[in-house]
Amino acid sequence: MVDVTEREMDNPTFRSDTVLSDVHLHCPNKRHLMVRLNAVGQPVFLSYFKFLWNTEDLAPEKHVEEVTTGREHQYRSGDELCDKDRSNLKKERELISEGVEALLDDDGDLEVVRRPRSASDLEAEDLLRDIVCPVILMKGREDAFEDEERECACSDVVKIEHTMATPLEDVGKQVWRAAFLLADYILFKRDTFRCCSVLELGGGTGITSIIMGTVAKRVYCTDVGEDLLAMCEQNVALNKHLMEPGGGEVKVKELDWLKDEFCTDPEVPYSWSEEEIADLHDHCSVIMAADVFYDDDLTDALFRTLHRITHNLRNSCTVYLALEKRLNFTLRHMDVTCEAYSHFRNNLNDLENLQDRKIKYTVEPIKADFCQFLIYERIEQL
């Protein structure tokens, strides 16, 4: 519920059960909760992700960062941080970084450090990351992103539209950890991908293609669904300032793994031209996909698409696959398993063992111990 009267349109009262869609309907001019509602009525957020170019201090601060800031990923601002909040936050960081015993009160009882209400008034040296503040924009306005471009058109921030939760068929609208992991690897191996022509399968919000676009010559970011592809294209437009210095280009295209051919119908949004298909086949040297292995049928379809495309490439190609192993308890096994990952590995083994006179596939693992350039939790299952 949202308490809103006609004279309080700009100052609504939010309760614990506030529904964001209600906020959008009653207060379309509020600019600190969400970007818009997408075609199916899901709240769409705009998040800023900052590059951590100075990674020398990242490793020792990683644990501190996860506890003091990673769990405080919230979308609110405005309340000043009182002196006690600031003192408690500093104590918490000192406890974690120095490994000392927990503070006790005068009676010897555990003194729980209270979580601060806001971090908007912290000194700059105390901030481990920028506060993320999504904004509301009017859907359909052509100048919707003018304010954001003025505020954050810098070379070390990626801006991504995304949703927080979706049904299974719309999971591409969320930002997943494996996309961050693959983006980190691209930034770590920038020289490897410089001036390459790249194809991404299941690009989703486009964050990995955008990062690749900062170093590669051309990236074809592909997925299915006009609403998702429109979101991806919006994200590419939001981050054009990152790709312009290197002359990189990201093209958003439809590529359905359940179909055997590229869509070339000019009446269909995000279809391919014959020139683009020829360019892909003649120059593509890198294919990538992140967190697309969650459904067995789609995994089978992706490997068929991968086999078909690589067979038509003029040059040799390297495929980078990133994923998170998601463990689940199943009644069928009465145990914790990771069936989606097992199915992925079976397909990967079949591809490597494929007897093909024209092409040979070699599989090599990459250890996820390279530098971290984006803030996310790099868990063991990645």
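This is a predicted model, so every value here is computed, not measured.

A. Structural context of the sheet that holds strand 4 (residues 43-50). Taken in spatial order, the three strands line up as 3-4-5 in an open sheet, and their pairing is antiparallel. Only two strands of the sheet have a single partner each, and these edge strands are strand 3 (36-37) and strand 5 (157-163). Pairing of strand 4 with strand 5 involves seven bridges; the strand directions are antiparallel. Within the sheet, the bridge partner assigned to Phe45 lies in strand 5 and is His162. Across the sheet, helix 8 (residues 226-238) is in contact with strand 3, strand 4 and strand 5; its angle to strand 5 comes to roughly 160°.

B. The nonpolar core, seen in detail. Counting 43 residues, the largest nonpolar core has Val158, Ile186, Phe193, Val198, Met212 and Met288 as the members making the most contacts within it. The element contributing the most residues to this core is helix 5 (residues 177-188), with nine residues. Discounting residues that sit within four places of it in the chain, Val158 has contacts with Ser47, Tyr48, Phe49, Phe51, Ile207, Ile210, Ile211, Asn239 and Leu242. By size, the runner-up hydrophobic cluster in this structure holds 26 residues, among which are Phe262, Phe293, Leu302 and Ile309.

C. Focus on the side chain of Ser197. When you line up the elements, Ser197 lands in strand 6 (residues 197-200). Residues in contact with Ser197, not counting those within four places in the same chain, are Arg218, Tyr220, Asp279, His283, Cys284, Ser285 and Val286.

D. Molecular detail of unusual backbone geometry. Its identity as a non-glycine residue notwithstanding, Cys195 has a phi of 65°, on the positive side. Note that Cys195 resides in the loop between helix 6 (190-193) and strand 6. With a phi angle near 50°, Asp291 is a residue other than glycine that sits in the positive phi range. Mapping Asp291 onto the fold places it in the loop between strand 9 (284-290) and helix 11 (296-311).

E. Summary view of the confidence of the model for the chain. Chain-level statistics for the chain give a pLDDT mean of 75 and a share of 62% at 70 or above. Low pLDDT, under 50, characterises residues 20-25; the predicted model gives this stretch 17 contacts beyond four residues in sequence or across chains. Contacts of residues 115-150 to residues separated by more than four positions or lying in other chains number 95 contacts, the stretch itself having pLDDT below 50.

F. Focus on the pattern of salt bridges. Counted according to the given criterion, the structure contains twelve salt bridges. In this structure, Glu377 engages Arg177 in a salt bridge whose closest nitrogen and oxygen atoms are separated by 3.7 Å. Taken together, the residues span a long stretch of sequence, with Glu377 in the segment after helix 12 (339-352) and Arg177 in helix 5 at a distance of 200 residues. In this structure, Lys253 and Glu276 form a salt bridge, with 3.0 Å as the shortest nitrogen-oxygen distance. Of this pair, Lys253 sits in strand 8 (residues 249-254) while Glu276 sits in helix 10 (residues 274-283); the two residues are 23 residues apart in sequence, bridging distant segments of the chain. Under the relative-accessibility criterion, Lys253 is labelled buried at 11%. Given a relative accessible area of 10%, Glu276 falls into the buried group. In the salt-bridge network here, residues are joined through shared partners; they are Arg177, Asp291, Glu324, Arg326 and Glu377.

G. Expanded view of the pairing of strand 10 (residues 318-322). Bridge count between strand 9 and strand 10: five bridges; the pairing is parallel. From the neighbouring strand, Val286 faces strand 10, where its bridge partner is Thr318. This β-α-β element, strand 9 to helix 11 to strand 10, shows right-handed connectivity.

H. Spotlight on helix 8. Over its 13 residues, helix 8 extends 18 Å from the first C-alpha to the last, a length consistent with the 18 Å expected when each residue adds 1.5 Å. The complete set of buried residues in helix 8 reads Leu228, Leu229, Met231, Cys232, Asn235, Val236 and Leu238.

I. Representation of the environment of Ser155. Within the fold, Ser155 resides in the loop between helix 4 (146-152) and strand 5. Each C-alpha atom, one on Ser155 and one on Phe51, is 8.8 Å from the other, the two residues being 104 residues apart in sequence. Setting aside its immediate chain neighbours within four residues, Ser155 contacts Phe51 and Leu242.

J. Seen up close, the sheet that holds strand 8. Reading across from one edge, 8-7-6-9-10 is the order of the five strands in this open sheet, with parallel pairing throughout. Each end of this open sheet is capped by a strand with a single partner; those strands are strand 8 and strand 10. Across the sheet, the mean angle from the axis of one strand to that of its neighbour is 20°, orientation sign disregarded. In the sheet, strand 6 pairs with strand 7 (residues 218-223) via four bridges, with the strands oriented parallel. Within strand 7, the position partnered with Ser197 by the bridge is Arg218. Packing of helix 5 onto the sheet brings it into contact with strand 9 and strand 10, and relative to strand 9 it is tilted by some 145°. Contacting strand 7 and strand 8, helix 8 crosses the sheet at an angle of about 175° to strand 8.

Cut-offs used in this document
Residues numbered from 1 in each chain as written. Predicted model: local features only at pLDDT ≥ 70, side-chain atom pairs only at ≥ 80, totals over all residues. Heavy atoms only, no water. Pairing = 2+ DSSP bridges. Helix = DSSP H or I, 4+ residues; strand = E, 2+ residues; numbered from the N terminus. Contact = heavy atoms within 4.5 Å. Axes fitted to C-alpha atoms, helices over the stretch in contact; angles between N-to-C directions. Core = buried A, V, L, I, M, F, W, Y, C linked by side-chain atoms within 4.5 Å. Buried < 20%, exposed > 50% of the residue type's maximum accessible area, 1.4 Å probe, protein only. pLDDT = per-residue confidence, 0-100. Salt bridge = Lys/Arg side-chain N within 4 Å of Asp/Glu carboxyl O. Right-handed = clockwise from strand over helix to strand, strands pointing away. Expected span 1.5 Å × (residues − 1).

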